[in-house]
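# Structure assessment
Chain by chain, the residues:
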Amino acid sequence: MPAEGGKTDMERIGLFSEMEYVTVGDKYVSSFNRPFNDAASKNKQMLPGGSKAMSNLQAGYFDPHFVRIFEGEGYVNLNQVRRRHMMEEAKKNLGKAFLPSNGDKKPCGLGTYYGTIGGPVPFFSTQLKPRDKYEVPGKNLYTNPGKKGTGYGYANITIGKQFSHSADFYDAPKLNFKKENEEHHRLVKGTPFKSNLYPREYFDTNPYLFEKALPPIKKTEKKELLAQPFKPSSPGKKAGGMKAGTFDPYPSHSADPYVVKLASQTSSKGAKIFYPPSGPKSRPTKSIMTLNVKRALNTKNYKTASVQSC
C-alpha cells in the first residue's frame, strides 16, 4: 500500500523487492526418510590422497622440498668435529697404549687361588696348628665307697636320711572337694544374684529363650449349641400413647404451671457479658541485623564470603 508520501513500504525500508518465501510450494519430506548428509552424495568430493607416513623421504612431509630453519648459517659436520677432538686428545699421550703382559686368569672354582694376584692367604689355610699333647686328668677323690643297690626297694641309699612313710588315700582330692562343696552350699543363702545391668547383645542367639515360667495352657471352652430356637416368654408390648409398652411404670405427675421466666430470674453465670478471646499471641521475632546477615551469608557463599560483606 502506498503511504502518504507516494512511496511504498519496500521503498521506505530500502529494499528493492520483497523477500521470497522459500518453503512455500515445497514437497514435504519426512525426517525418517530424509538422508543424513544429502550433499555428500552429490557433485565431486574432496579426495585428500590418503594419510602420509613419517619417513626420511620427502613424501612424508607437506612441503615439496626440505626447508631450512636458518638461512645462510655455516654447515657443521658433527663427525668431523668429533674426529678432530679425538686427534687432539691422542697428541697428549706420551707413549703407546698400555697392554697387559698376559690375559686375565679365570678361577677354577670355590676355594682355589688360581687367577688371583696375591696368591693363597695363610690365614685361611686348612692346616692344623701345633698343639700340646693331651694328658688325661686323674680320677676324682673318693671319700666313701658307693652304696649298693639300684634305688628301688632298698633302704638308706640316699645321701640324707630316709623319708618317713605317710599314708595317702587314693580318693583324698575327691573327698576334700566334696566336703568343701557341701560347706559352700551350707553357707549360701538365697538364690544367686542376677544383675539387670549385665551387658547383652541386641538380639539373643536363641530366639525361643524365656527366663520366666510359662503360664498354664488355657483350655478353650466349647459353647454348647442350643438345639431349639429361642422364644420369648411373652409377646412384646406395643406403644399405645401411654406407658403400657415400656419396662418402667409411668412417672408420677407434678403440678408445674407454664410461666415465662423473666430476665431477672436467670442465673448469675449467664448474666455476664461475653468477651471474645484475645487474638494470636506474639511470637519471638528476629532482628533486622540477623535477617541481613542471613541474606548476605548462606550455604552457597559461606566459603567465599568475607567478614566485611557480612
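An unreviewed UniProt entry lists the protein under the name Cilia-and flagella-associated protein 96, with Felis catus as the source organism. The Subcellular location (unreviewed entry) comment attached to the protein in UniProt states, word for word, "Cytoplasm, Cytoskeleton, Microtubule organizing center, Centrosome". What UniProt states about the protein under its Sequence similarities (unreviewed entry) heading is, verbatim, "Belongs to the CFAP96 family."

### Observations regarding the overall build of the protein
Across its full length, the protein holds 4 helices and 0 strands. Each helix (α) and strand (β) of the protein, taken in turn from the N terminus, gives the series α-α-α-α. Expressed as a percentage of its 310 residues, the buried residues of the protein come to 1%. For the protein, the proportion of contacts with a sequence separation of at least 24, taken over those separated by at least 6, is 0%.

### What about the pattern of salt bridges?
Applying the stated criterion to the full structure yields 2 salt bridges. A salt bridge links Glu89 to Lys92, with the shortest nitrogen-to-oxygen separation between them at 3.7 Å. Relative accessible area serves as the criterion here: at 37%, Glu89 is assigned to the partly exposed category. Of the residues examined, Lys92 reaches a relative accessible area of 59% and is grouped as exposed. In this structure, Arg186 engages Glu183 in a salt bridge whose closest nitrogen and oxygen atoms are separated by 2.4 Å. Taken as a pair, Arg186 and Glu183 lie in helix α3 (residues 172-187) at a separation of 3 residues, close to a single helical turn. On the basis of relative accessibility, which here comes to 55%, the residue Arg186 falls in the exposed class.

### What to know about a nonpolar patch on the surface
Taken together, Tyr113, Val121, Phe123 and Phe124 make up a surface patch of nonpolar side chains, about 460 Å² in accessible area. Its location among the elements puts Phe124 in the loop between α2 (78-90) and α3.

### Points about α2
With 13 residues, α2 should reach 18 Å at 1.5 Å per residue; the first-to-last C-alpha distance of 19 Å fits that figure. For α2, the N-terminal cap is Asn77; the gap from its side-chain oxygen to the backbone nitrogen of Asn79 is 3.3 Å.

### Observations regarding α3
When the terminal C-alpha atoms of α3 are compared, their 23 Å separation across 16 residues agrees well with the 22 Å that a helix rising 1.5 Å per residue should span. Little of α3 is tucked away: 1 of the 16 residues are buried.

Conventions and cut-offs
Residues numbered from 1 in each chain as written. Predicted model: local features only at pLDDT ≥ 70, side-chain atom pairs only at ≥ 80, totals over all residues. Heavy atoms only, no water. UniProt positions renumbered as here; feature names shortened; annotations may be inferred. Helix = DSSP H or I, 4+ residues; strand = E, 2+ residues; numbered from the N terminus. Buried < 20%, exposed > 50% of the residue type's maximum accessible area, 1.4 Å probe, protein only. Contact = heavy atoms within 4.5 Å. Salt bridge = Lys/Arg side-chain N within 4 Å of Asp/Glu carboxyl O. Patch = residues over 30% accessible without salt bridge, like charges linked within 9 Å, V, L, I, M, F, W, Y side chains within 5 Å. Areas by Shrake-Rupley, 256 points an atom, 1.4 Å probe, with all protein chains shown as cover. Expected span 1.5 Å × (residues − 1). Polar contact = N/O pair within 3.5 Å; in protein donor to acceptor, adjacent residues only side chain to side chain.

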